[in-house]
Amino acid sequence: MSDWVECQEVERVPGRVSGAWLFKGTRVPVKALFENLEDGATVDEFLEWFPAVSRAQVEAVMEFTTASLETQPA
């Protein structure tokens, strides 16, 4: 399981968006990225729909997720 505290492009603020992990400086939940990708959206579409999120933030979250999956025990 990922420890999102270690990803510098996300934050959790009590009382903001029900305490969900958000892209830093936005009200966009990280979960929204994965839900949209799961539904077939592209990263470019996600960025168009959520202009407050930067490509660098999406890339950092994706890299963090990939790294966390690689370090999990089998």
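For the structure given in this document, a descriptive report is provided here. Everything numeric in this text was worked out from a predicted model, so none of it was measured.

Looking now at the overall build of the protein. Secondary structure summary: the protein contains 3 helices and 2 strands in total. Shown N-terminal to C-terminal, the secondary structure of the protein runs as helices and strands in the order β-β-α-α-α. Over its C-alpha trace the protein gives a radius of gyration of 12 Å, about what one expects of a compact globule, namely 11 Å for 74 residues. Seen through its C-alpha atoms, the protein measures out along the principal axes to roughly 35 × 30 × 20 Å. For the protein, buried positions account for 32% of its 74 residues. Contacts in the protein between residues far apart in sequence, at least 24 positions, make up 36% of those at least 6 positions apart. Split by element, the accessible area of the protein, about 5,000 Å² in all, is 52% carbon and sulfur. Taken as two groups, the 6 positive and 13 negative side-chain charges of the protein have centres that lie 10 Å from each other.

Moving on, we come to the packing of aromatic side chains. Within the structure shown, the criterion is met by 3 aromatic pairs. Joined through ring pairs, the aromatic side chains of Phe23, Phe46 and Phe50 make up one cluster.

Let us now look at the nonpolar core. Trp4, Phe23, Phe46 and Val61 are the most contacted members of the largest nonpolar core, which totals 15 residues. Where this core is concerned, the elements lending two or more residues are strand E2 (21-23), helix H1 (30-38), helix H2 (43-49) and helix H3 (55-70). Residues contacting Val61, with those up to four places away along its chain left out, are Trp4, Cys7, Val10, Phe23, Val30, Leu33 and Phe34.

Relative to the helices and strands, Thr26 is located in the loop between E2 and H1. On the accessibility criterion, Thr26 (5% relative accessible area) is buried. Taking the C-alpha atoms as reference points, Thr26 and Arg12, separated by 14 residues in sequence, lie 11 Å from one another.

Our focus in this paragraph is the packing of H1 against H3. In contact at an axis separation of 11 Å, H1 and H3 are set at 80 degrees when each is read in the N-to-C sense. For the element pair H1 / H3, the angle class is roughly perpendicular. On the side of H1, the interface is formed by Val30, Leu33, Phe34 and Leu37, while H3 contributes Val58, Val61, Met62 and Thr65. Residue classes in the contact of H1 with H3 are distributed as 7 nonpolar, 1 polar and no charged.

Rules behind the numbers
- Residues numbered from 1 in each chain as written.
- Predicted model: local features only at pLDDT ≥ 70, side-chain atom pairs only at ≥ 80, totals over all residues.
- Heavy atoms only, no water.
- Helix = DSSP H or I, 4+ residues; strand = E, 2+ residues; numbered from the N terminus.
- Rg over C-alpha atoms; globule rule 2.2 N^0.38 Å.
- Buried < 20%, exposed > 50% of the residue type's maximum accessible area, 1.4 Å probe, protein only.
- Contact = heavy atoms within 4.5 Å.
- Areas by Shrake-Rupley, 256 points an atom, 1.4 Å probe, with all protein chains shown as cover.
- Lys, Arg positive; Asp, Glu negative; His and termini not counted.
- Charge placed at Lys NZ, Arg CZ, Asp CG, Glu CD.
- Phe/Tyr/Trp six-rings, centres within 6.5 Å; stacked < 30°, edge-to-face > 60°.
- Core = buried A, V, L, I, M, F, W, Y, C linked by side-chain atoms within 4.5 Å.
- Axes fitted to C-alpha atoms, helices over the stretch in contact; angles between N-to-C directions.
- Parallel < 35°, antiparallel > 145°, perpendicular 65-115°, else oblique.
- Nonpolar A, V, L, I, M, F, W, Y, C, P; charged D, E, K, R; others polar.

The analysis is restricted to geometry; functional conclusions fall outside its scope.
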